[in-house]
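Secondary and tertiary structure notes
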Amino acid sequence: MKKRFWNPASVSSELNLLLQCVSSVYSDRLGPENGEEEMIFPSAPSGVLTVRKRDGKWEIAASTLSAQARGVGCALAGTEVNESTTLEKLGLMVDVSRNKVPTIAYLKNFCLRAALDGYNLVMLYAENLYRIPEEPFFGYMRGAYTLAEIRELDDYAANLGLELTACIQTLGHMEQTLQLSTYGDIQDSWGTMRTDTARTYELIEEMIRFWSGALRSRRLHVGMDEVPDIGLGKSLGVHGYQDGFTLFNKHLQKVNQIAGKYGLNPMIWSDVYFRLSNPNRDYYDVETQVPESVRREIPPNVQLCYWDYYHENVEIYEKLIQKHRQLGFEPVVASGIWTWLRMSYDSDSMRFFAPCIEACRKNAVKELFFTMWGDIGSYYIADSVFAGMELAAGLAYGELANSPIFAPRLKAISGKDYHLYHHAGAALAYREGDLVGRTEFILWDDPLFGGTIAHFRSAAEGFLKRYRDTLAALAEKKELAETKDPALKTIQAIARLAVAKIDCNEALLAAYREKNLAELKRISETEISRIIGLAEQEDQLSREDWLRGAKPFGLEVNQARNHGAIERLRECARRIDDYLNKRIETIDELDEALRVENLPKIPLITFSGSVIR
């Protein structure tokens, strides 16, 4: 590949700084002045990006720094494009609060790739993952970022033309903090802070002060979502019932005042206004009317963020965008690149973020970002998100879903195989209509209870077999066997383990039902040992994947899950051995499994017959 170059004297200082950052990583393919193919940067109409190779030069015509950066990504990939976007801000939210805390080095890598995709906003979802000097137990033993770490990342992001900001929580979703006795006096319900104590607002001021001093951006997302139970915890016993709207707006006004003291403008999730306006607490009820008296009390400088990850219908997004505008606010829209409750980026999420993007383009929405949540431990393979980022950015710039530019761009920017990651995501979260196979649940499914596999077996005729065969095809895929990409090697190990556990469950139930002692002996002495080997290999590869880009905090949760599952495999072998040697007359767990095996729609019971929180 011929080396691209640029003339520092012919570009703006901002673009020159961005190009220097990019060339420091891609020095073999990009540099100032010395190279074979020059990149030039003429202007273009607003929102337009055109990349063409003419007379041995790469012409990147754009009107914004972020579009120019995307154009550089195209030039590195050797792809010509003619794109446009209506968006002024295109962003990504990284969840750093669900156990996995990315290192600053990994986040820099992430920001660079984001910039080359055309994003110009990165948001860190940080519930308590930052150190407040006055609060030694805020983020204690969770890998919280220091002020110096965030400033370092902010400097790097600014060099790439990215606005770096944070989404914190100033009302609900504070479980990780409120579980500590230190903060018992400000806990209203399980994860929600009280709005009637001075100590709550002292803590919030400390939180806001941190981010004011950490970031250039004068915007701060202060959260406040999913709290329809506001005022219904401890404060209910103190004050009696109080109107939720009144409590919410009073609290927002106080938080807004604190933010203003530090020169910040808040953004909040908008769902509470809509949930409290209808009896079903439905955020997406398009008939919902927020009372005028409530609307008047919303501070006019606050941005409302409309989040929606689950609709396939463009019209739904359009109606809810208009609902926000009827409140008198231009919404910031948040869609989702699905990483939560999955082992990998789920390529099927395009069915939901594509119509959202279309609605934003049709309705001239100016700000859109994609969340990448990490519910229940952020156990997804981190590098898989690059494929989702590439696709989402391309659609936002007007590309079609089957555009041929995605694969070469991802290869050039991240060294990743676009098609393999999308294939893997579709297999690990196998879908038939509304049915979704959850591969992580199979990995952690108890071999004696088999609740997850039983659920999939009963979900629809042949569903489990089709799901199993899809996983097997992934596990045996030649490209995975030959790849040097460690993330894909981990995905292959996950698929192999899941297939083995499904097969073992099928064989175990059949052998026990038929009293096939020879088969039970084989399972106990041979098959379970083989699966334990696969599980230990998957655990090691997952550990390596975690530590390549994240702090060690939070890893213990997934290791406990993995090794708990391994120990239960050993217990399964012991139980079979006790049965074969007549130390027990029956295997109670398998009797229970057989008792309901022919019932339709066995409910999903995660991991075992009991719930452990």
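Going by the structure above, here's the rest.
I will try to describe carefully the structure that is included in this document.

Quick notes on the rules
Residues numbered from 1 in each chain as written. Predicted model: local features only at pLDDT ≥ 70, side-chain atom pairs only at ≥ 80, totals over all residues. Heavy atoms only, no water. Helix = DSSP H or I, 4+ residues; strand = E, 2+ residues; numbered from the N terminus. Rg over C-alpha atoms; globule rule 2.2 N^0.38 Å. Buried < 20%, exposed > 50% of the residue type's maximum accessible area, 1.4 Å probe, protein only. Contact = heavy atoms within 4.5 Å. Salt bridge = Lys/Arg side-chain N within 4 Å of Asp/Glu carboxyl O. Pairing = 2+ DSSP bridges. Polar contact = N/O pair within 3.5 Å; in protein donor to acceptor, adjacent residues only side chain to side chain. Core = buried A, V, L, I, M, F, W, Y, C linked by side-chain atoms within 4.5 Å. Phe/Tyr/Trp six-rings, centres within 6.5 Å; stacked < 30°, edge-to-face > 60°. Lys NZ or Arg CZ within 6 Å of the ring centre and 35° of its normal. Expected span 1.5 Å × (residues − 1). Patch = residues over 30% accessible without salt bridge, like charges linked within 9 Å, V, L, I, M, F, W, Y side chains within 5 Å. Areas by Shrake-Rupley, 256 points an atom, 1.4 Å probe, with all protein chains shown as cover. Axes fitted to C-alpha atoms, helices over the stretch in contact; angles between N-to-C directions. Parallel < 35°, antiparallel > 145°, perpendicular 65-115°, else oblique. Left-handed = near helix turned anticlockwise from the far one by under 90°. Nonpolar A, V, L, I, M, F, W, Y, C, P; charged D, E, K, R; others polar.

Time to look at the overall build of the protein chain. Per the secondary structure count, the protein chain includes 23 helices and 16 strands. Rg of the C-alpha trace for the protein chain: 26 Å, near the compact-globule value of 25 Å for 613 residues, within the 12% margin. Expressed as lengths along the three principal axes of its C-alpha atoms, the size of the protein chain is roughly 85 × 70 × 45 Å. In the protein chain, which comprises 613 residues, the share counted as buried stands at 60%. Long-range contacts, defined here as pairs at least 24 residues apart, represent 75% of the contacts in the protein chain between residues at least 6 apart.

What follows covers the pattern of salt bridges. Considering all chains together, one arrives at 54 salt bridges under this definition. Residues Glu 390 and Arg 409 are paired through a salt bridge, measuring 2.7 Å at the closest nitrogen-oxygen approach. Of the two residues, Glu 390 is situated in helix α13 (residues 385-396) and Arg 409 in helix α14 (residues 406-414); the sequence distance between them amounts to 19 residues. One exposure class covers both Glu 390 and Arg 409, and it is buried. For the salt bridge of Arg 438 with Glu 440, the shortest nitrogen-to-oxygen distance reads 3.0 Å. Here the two residues Arg 438 and Glu 440 agree in accessibility, since each one is buried. Through salt bridges with shared partners, a single network forms among Glu 536, Glu 567, Arg 570, Glu 571 and Arg 574.

Alternating residues of strand β6 (residues 81-84) divide into Val 81 and Glu 83, all buried, and Asn 82 and Ser 84, none buried. Here four bridges tie strand β4 (residues 48-54) to β6, and the two strands are oriented antiparallel to one another. Residue pairing in the sheet places Leu 49 in a bridge with Glu 83 of β6.

Moving on to the side chain of His 311. Following the sequence through the fold, His 311 ends up in the loop between β12 (303-307) and α11 (314-326). For His 311, the side chain forms a polar contact with the side chain of Asp 308, separated by 2.8 Å. Apart from the residues lying within four places of it in its own chain, the contact partners of His 311 are Tyr 284, Ile 316, Tyr 317, Arg 351, Phe 352 and Pro 355.

Quick look at the nonpolar core now. The biggest cluster of nonpolar side chains holds 212 residues, and the ones touching the most others in it are Tyr 119, Trp 211, Trp 269, Tyr 273, Ile 337, Phe 370 and Met 389. Of all the elements, helix α20 (residues 486-513) adds the most residues to this core, at 16 residues.

Below, the discussion takes up the pairing of strand β9 (residues 163-167). Most of β9 sits inside the fold, with five of its five residues counted as buried. Here β9 shows no split at all, with Glu 163, Thr 165 and Cys 167 on one side and Leu 164 and Ala 166 on the other all buried. As paired strands, strand β8 (residues 121-125) and β9 are joined by five bridges and run parallel to one another. Residue pairing in the sheet places Tyr 125 in a bridge with Cys 167 of β9.

What follows concerns the packing of aromatic side chains. Evaluation of the coordinates by the stated rule reveals 30 aromatic pairs. For the pair Tyr 130 and Phe 210, a centre-to-centre distance of 5.1 Å together with 35° between the ring planes defines the contact as tilted. Of this pair, Tyr 130 sits in the loop between β8 and α4 (147-159) while Phe 210 sits in helix α6 (residues 198-214), placing them 80 residues apart in sequence. When sorted by exposure, Tyr 130 lands in the same class as Phe 210, which is buried. Over the ring of Trp 444 we find Arg 561; its NZ or CZ atom is 5.0 Å from the centre of that ring.

Mapped onto the elements, Phe 329 comes out in the loop between α11 and β13 (332-336). Linking Phe 329 and Tyr 467, residues 138 residues apart in sequence, is a C-alpha distance of 45 Å. Setting aside chain neighbours within four positions, we find Phe 329 in contact with Ile 298, Pro 299, Pro 300, Val 302, Leu 304 and His 324.

This brings us to helix α8 (residues 244-261). The end-to-end C-alpha distance of α8 is 26 Å, a good match for the 26 Å that 18 residues give at a rise of 1.5 Å each. When we look at burial in α8, the residues that qualify are Gly 244, Phe 245, Leu 247, Phe 248, Asn 249, His 251, Leu 252, Val 255, Asn 256, Ile 258 and Ala 259. Here the buried face of α8 lies against α6, β11 (265-269), α9 (271-275) and α10 (292-296). N-capping of α8 is provided by Asp 243, with a side-chain oxygen placed 3.3 Å from the backbone N of Phe 245.

Before going further, it helps to spend a moment on a nonpolar patch on the surface. On the surface, Phe 137, Tyr 140, Met 141 and Phe 553 cluster together to form a nonpolar patch covering roughly 420 Å² of accessible area. With respect to the helices and strands, the residue Phe 553 is situated in the loop between α21 (517-549) and α22 (555-580). The class of Phe 553 is partly exposed, set by a relative accessible area of 31%.

Right, let's talk about helix α12 (residues 350-362) for a bit. If you check α12, its first and last C-alpha atoms are 18 Å apart, about what 13 residues at 1.5 Å a residue would give, namely 18 Å. Where α12 is concerned, the buried positions are Phe 352, Phe 353, Pro 355, Cys 356, Ile 357, Ala 359 and Cys 360. Packing partners of the buried residues in α12 comprise α11, β13, β14 (367-372) and α13. At the C-terminal side of α12, Ala 364 shows a positive phi close to 55°.

Let us now look at unusual backbone geometry. At Met 141, a position not held by glycine, the phi torsion is positive, near 60°. Secondary-structure assignment places Met 141 in the loop between β8 and α4. Backbone geometry at His 173 places phi at a positive 55°, although glycine is not the residue there. Tracing the backbone shows His 173 in the loop between β9 and α5 (175-178). Judged by relative accessible area, His 173 falls into the buried class, the value being 17%.

Next up on the list: the packing of α11 against α12. At their nearest, the axes of α11 and α12 sit 8 Å apart, and the two run at 50° to each other. Taken together, the axes of α11 and α12 lie oblique to each other. Our pair here, α11 against α12, has a crossing hand that is right-handed. Counting all contacts with α11, which are made through Val 314, Tyr 317, Glu 318 and Ile 321, the residues of α12 involved are Phe 352, Pro 355, Cys 356, Glu 358, Ala 359 and Lys 362. Classifying every residue of the contact of α11 with α12 gives seven nonpolar, no polar and three charged.

What follows is about the packing of helix α15 (residues 418-428) against α20. Contact geometry of α15 with α20 gives a least axis separation of 11 Å together with a crossing angle of 25°. Of the possible angle classes, the one that applies to α15 and α20 is roughly parallel. By crossing handedness, the relation of α15 to α20 is classed as left-handed. Facing α15, whose interface residues are Leu 420, Tyr 421, Ala 424 and Leu 428, α20 presents Ala 487, Leu 488, Ile 491 and Ile 494. Its residues assigned to classes, the contact of α15 with α20 shows eight nonpolar, no polar and no charged.

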